[in-house]
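# Summary of structural features
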Amino acid sequence: MKIITWNINSVRKRLDLLKDLLEREKPDVICLQETKVQDADFPVSFFEEVGYGNVMFQGMKSYHGVAIASPQKLAPVAKKEIGPFMAPRFIAAKLENGVRVFNFYVPAGGDEPDPEINDKFRDKLDFMESMSTWSSDIKGPVKKSVLVGDLNVAPSEHDVWSHKQLLKIVSHTPVETEALAKVMASGNWLDAVREHFGEDDELYSWWSYRSRDWKNANKGRRLDHIWMGKDLKKSLSDVAILDDVRGWDTPSDHAPISAEFKL
DNA sequence: ATGGTTGGTTACCAA
């Protein structure tokens, strides 16, 4: 089972890149964030044409939006296993092999890392708090489950280009990394990317558009994640950050991440 | 300390 997660930054803007990615990587399931399209305008026929016609999506006009697509049938996840999340930031599906896929788009949080003066940052912390409650409620360790998405937090010092310079920058502040650690602990989740690469490699999945030479400057952050329940650890066979996709023509500012399981 | 770019929408907001 191969799963890819990608903040595509407008699905309609990047159908050609998505087609190339799916043809090259042939994932069993792809999870998208920031689709930026309301459900009535979601490009369903494109997904059917490229062989990913089993597609679930929850979006809104202009902002946010998530989707899960697969060549195989997708079933809804039981209601009791779904938290009270904002629809355009969360969607879940059950694959034919029984694996549940939870796809999140955590609020970015604005610029000012102070919940007292910045409502967006408050919303981000609240969202992660509700993720912790949800993880606890569905009882960890969650069996046959994968949690993926743009979590908008770079947890460790090796997930950012400069730990010191980013400690007060939203996405890497201690209050956020602690909140994300709590989510992880609440569900006994494992970070599949770190399980594969270890703790020491510098790993990034996002590079700002506001950098002329993003590749050489390499001022990246690892905001996109694939987590797994402990029961899947022994099945994890490969992980890749597909950073070449960040260099494609008119790219998203996020790279896709891929994980393979031999179930 | 500041500004840099992109997408959706159509004036700016969100990232």
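The notes below deal with the structure included here. (Residues numbered from 1 in each chain as written. Chains lettered and ligands numbered in written order. Predicted model: local features only at pLDDT ≥ 70, side-chain atom pairs only at ≥ 80, totals over all residues. Heavy atoms only, no water.)

### Quick notes on the pairing of strand 7 (residues 145–150)
- Where burial is concerned, most of strand 7 is hidden: six out of the six residues are buried.
- Of the two faces of strand 7, the one holding Ser145, Leu147 and Gly149 and the one holding Val146, Val148 and Asp150 are both buried throughout.
- In this structure, strand 6 (residues 100–105) lies alongside strand 7, joined through six bridges in parallel fashion. Across the sheet, the residue bridging to Asn103 is Val148, located in strand 7. (Buried < 20%, exposed > 50% of the residue type's maximum accessible area, 1.4 Å probe, protein only. Helix = DSSP H or I, 4+ residues; strand = E, 2+ residues; numbered from the N terminus. Pairing = 2+ DSSP bridges.)

### Here's the deal with the protein's contact with DNA strand B
- Around DNA strand B sit 18 residues in total, of which Ser10, Ser62, Tyr209, Arg210 and Arg212 are the nearest.
- Near the protein, within 4 Å, the atoms of DNA strand B are sugar or phosphate in 68% of cases.
- Arg212 places a side-chain nitrogen or oxygen 2.7 Å from a phosphate oxygen of DNA strand B.
- In terms of residue class, the surface near DNA strand B is built from four nonpolar, four polar and ten charged. (Near = heavy atom within 4 Å. Polar contact = N/O pair within 3.5 Å; in protein donor to acceptor, adjacent residues only side chain to side chain. Nonpolar A, V, L, I, M, F, W, Y, C, P; charged D, E, K, R; others polar.)

### Examining the side chain of Glu81
- Mapped onto the elements, Glu81 comes out in the loop between strand 4 (66–70) and strand 5 (90–94).
- If sequence neighbours within four positions are ignored, Glu81 has contacts with Arg100, Phe102, Trp134 and Ile138. (Contact = heavy atoms within 4.5 Å.)

### Section: the side chain of Ser135
- The residue Ser135 is located in helix 3 (residues 119–137) in this model.
- Among the polar contacts made by the side chain of Ser135, one reaches the side chain of Trp189 at a distance of 2.9 Å.

### Here we look at the pattern of salt bridges
- Here the structure, examined in full by the defined rule, presents twelve salt bridges.
- For Arg194, the salt bridge goes to Asp159, with nearest N and O atoms at 2.6 Å. With Arg194 in helix 6 (residues 192–197) and Asp159 in the loop between strand 7 and helix 4 (163–166), this pair connects stretches of sequence that are 35 residues apart. Note on accessibility: Arg194 and Asp159 belong to one class, buried.
- Residue Asp191 pairs with Arg222 through a salt bridge whose shortest N-O separation is 2.9 Å. On the criterion of sequence distance, the pair formed by Asp191 in strand 8 (residues 190–191) and Arg222 in the loop between helix 7 (214–217) and strand 9 (224–228) is long-range, its members being 31 residues apart.
- Look at Asp191 and you get buried, because its relative accessible area is 10%.
- Overlapping salt bridges bring together Lys2, Arg24, Glu25 and Asp244 as one network. (Salt bridge = Lys/Arg side-chain N within 4 Å of Asp/Glu carboxyl O.)

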